[in-house]
Amino acid sequence: AMFFEISPELAALRGLKNLDWAVVSTPRDAIEAQVLVTERMQPLLVDGRHAHVVGMLWSFGYKGEAVGPRGNHLPP
């Protein structure tokens, strides 16, 4: 199943807990999935500011064994 990996800092900013549901959207599409709060994801320091990273599955493969939203629905 689709999930997003986020840092504890981003989870606190957005009021999310592990296994809560969240929506990530871009001008192209929006997908909903559960969040996995993990120390593996850390904010980046860009031009003196923190930029949060959201990890997500890109695709489940071409055979259609898993269905639902995928990360490749979002970027142009």
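Now for a description of the structure that goes with this document. (Residues numbered from 1 in each chain as written. Predicted model: local features only at pLDDT ≥ 70, side-chain atom pairs only at ≥ 80, totals over all residues. Heavy atoms only, no water.)

1. So, the overall build of the protein chain
Next up, step 1: Along the protein chain, the regular secondary structure elements total 1 helix and 6 strands.
Next up, step 2: Secondary structure elements of the protein chain, listed N to C terminal, follow the sequence β-α-β-β-β-β-β.
Next up, step 3: In the protein chain, which comprises 76 residues, the proportion classed as buried is 21%.
Next up, step 4: With the model as given, the accessible surface of the protein chain reaches about 5500 Å², and the carbon-plus-sulfur share is 56%. (Helix = DSSP H or I, 4+ residues; strand = E, 2+ residues; numbered from the N terminus. Buried < 20%, exposed > 50% of the residue type's maximum accessible area, 1.4 Å probe, protein only. Areas by Shrake-Rupley, 256 points an atom, 1.4 Å probe, with all protein chains shown as cover.)

2. Comments concerning the pairing of strand β1 (residues 3-6)
Next up, step 1: Bridge count for β1 against strand β3 (residues 30-37) is 4 bridges, and the pairing is parallel. Considered in β3, the bridge of I6 is made with V37.
Next up, step 2: In the sheet, β1 pairs with strand β6 (residues 55-56) via 2 bridges, with the strands oriented antiparallel. What sits directly across from E5, in β6, is G55. (Pairing = 2+ DSSP bridges.)

3. Considerations on the pairing of strand β2 (residues 21-25)
Next up, step 1: As judged from the 5 bridges shared by β2 and β3, these two strands associate in the antiparallel manner. Opposite V24, over in β3, you have I31 as the bridge partner.

4. Remarks on the sheet that holds β2
Two strands in a sheet stick together by hydrogen bonds in their backbones, pointing the same way (parallel) or opposite ways (antiparallel).
Next up, step 1: The mixed open sheet is built from 4 strands, whose spatial order is β2-β3-β1-β6. Edge positions in the open sheet fall to β2 and β6, since each of these has one partner strand only.

5. Quick notes on the nonpolar core
Next up, step 1: Within the largest apolar cluster, 10 residues are counted, these being M2, F4, I6, L10, A11, A22, I31, A33, V35 and L74.
Next up, step 2: Counting residues per element, the ones that place at least two in this core are β1, α1 (8-14) and β3.
Next up, step 3: Here this core gets 3 residues from one element, more than from any other, and that element is β3.
Next up, step 4: In contact with I31, not counting residues within four places along its chain, are M2, F4, A22, V23, V24, M56, P69, R70, G71, H73 and L74. (Core = buried A, V, L, I, M, F, W, Y, C linked by side-chain atoms within 4.5 Å. Contact = heavy atoms within 4.5 Å.)

6. Digging into the side chain of E5
Next up, step 1: Tracing the sequence through the fold places E5 in strand β1.
Next up, step 2: A polar contact is formed between the side chain of E5 and the side chain of R40, at a distance of 2.8 Å.
Next up, step 3: If we skip the residues at most four places from it in the chain, E5 touches L36, T38, R40, M41, V53, V54 and G55. (Polar contact = N/O pair within 3.5 Å; in protein donor to acceptor, adjacent residues only side chain to side chain.)

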